[in-house]
Amino acid sequence: MGGEFESHPDQMIADVVVDDPRHPSTAALPSPHSLFEEYYAFKNFSADRVSMLLSMRETTQPLAWYRSSGSGRVFYTALGHREDVWTSDWFQQHITGAILWSLGKDTAPRRRAVRR
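The paragraphs below set out a description of the structure included in this document.

Rules of the game
Residues numbered from 1 in each chain as written. Predicted model: local features only at pLDDT ≥ 70, side-chain atom pairs only at ≥ 80, totals over all residues. Heavy atoms only, no water. Pairing = 2+ DSSP bridges. Helix = DSSP H or I, 4+ residues; strand = E, 2+ residues; numbered from the N terminus. Axes fitted to C-alpha atoms, helices over the stretch in contact; angles between N-to-C directions. Contact = heavy atoms within 4.5 Å. Core = buried A, V, L, I, M, F, W, Y, C linked by side-chain atoms within 4.5 Å. Buried < 20%, exposed > 50% of the residue type's maximum accessible area, 1.4 Å probe, protein only.

## Thoughts on the pairing of strand S2 (residues 12-18)
Looking at chain direction, S2 and strand S3 (residues 33-37) are connected through five bridges and run antiparallel. The residue of S3 that forms the bridge with alanine 14 is leucine 35. Pairing between S2 and strand S5 (residues 51-56): three bridges, direction antiparallel. Within S5, the residue paired with valine 16 across the bridge is methionine 56.

## Description of the sheet that holds S2
Spatial strand order, S3-S2-S5-S6-S7: five strands in an open sheet with antiparallel pairing. A single partner strand is all that each edge strand has here, and the edge strands are S3 and strand S7 (72-77). If you compare each strand with its neighbour and ignore which way they point, the axes differ by 25° on average. Here helix H2 (residues 89-102) sits on the sheet in contact with S2, S3, S5, strand S6 (61-69) and S7, set at roughly 165° to S7.

## Quick word on the pairing of S6
Judged from the five bridges that link them, S5 and S6 form a sheet pairing that is antiparallel. Each bridged residue has a counterpart across the sheet, and for serine 55 the counterpart in S6 is proline 62. Joining the antiparallel neighbours S5 and S6 is a turn of four residues, in which threonine 60 adopts a positive phi near 50°. Strand direction decides the pairing type here: S6 and S7, joined by six bridges, are antiparallel. Counterpart to alanine 64 in the pairing with S7 is threonine 77.

## Quick look at the nonpolar core
With 20 residues, the main nonpolar core has Val16, Leu35, Tyr39, Leu54, Leu63, Leu79 and Trp90 as its most contacted residues. Elements that contribute at least two residues to this core include exactly S2, S5, S6 and H2. Looking at this core element by element, the count peaks at five residues for H2. Non-local contacts of valine 16, meaning those with residues more than four positions away in its chain, are made with Ser31, Pro32, His33, Leu35, Tyr39, Leu54, Ser55, Leu63 and Trp90. Among the nonpolar cores identified, the runner-up in size contains seven residues, and Tyr40, Phe42, Trp65 and Ala78 belong to it.

Below, the structure written as structure tokens:
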């Protein structure tokens, strides 16, 4: 996928930064975005082998990336450990864009109205 899980600290708030605003999984995301999450540390990771999508502002730690594998598409996100993350509009836009890209249905990103 691009790296191996090494460890994670306790869940914490960190600023998530969009590294590639052109990709469907990140194009509609505000950056930076403060997120309470369980953040992974990786070993054997090289940004030279993938295209970075999201990283952690404080450490430039990778959080989401993609790459090609033969004629296939590989997408990885290290986010989504908490139910409140999964149900947030921010994460839903991230995952929806990732699924569309993975299926080869790269469409223009659409922002949905944020629920209050």
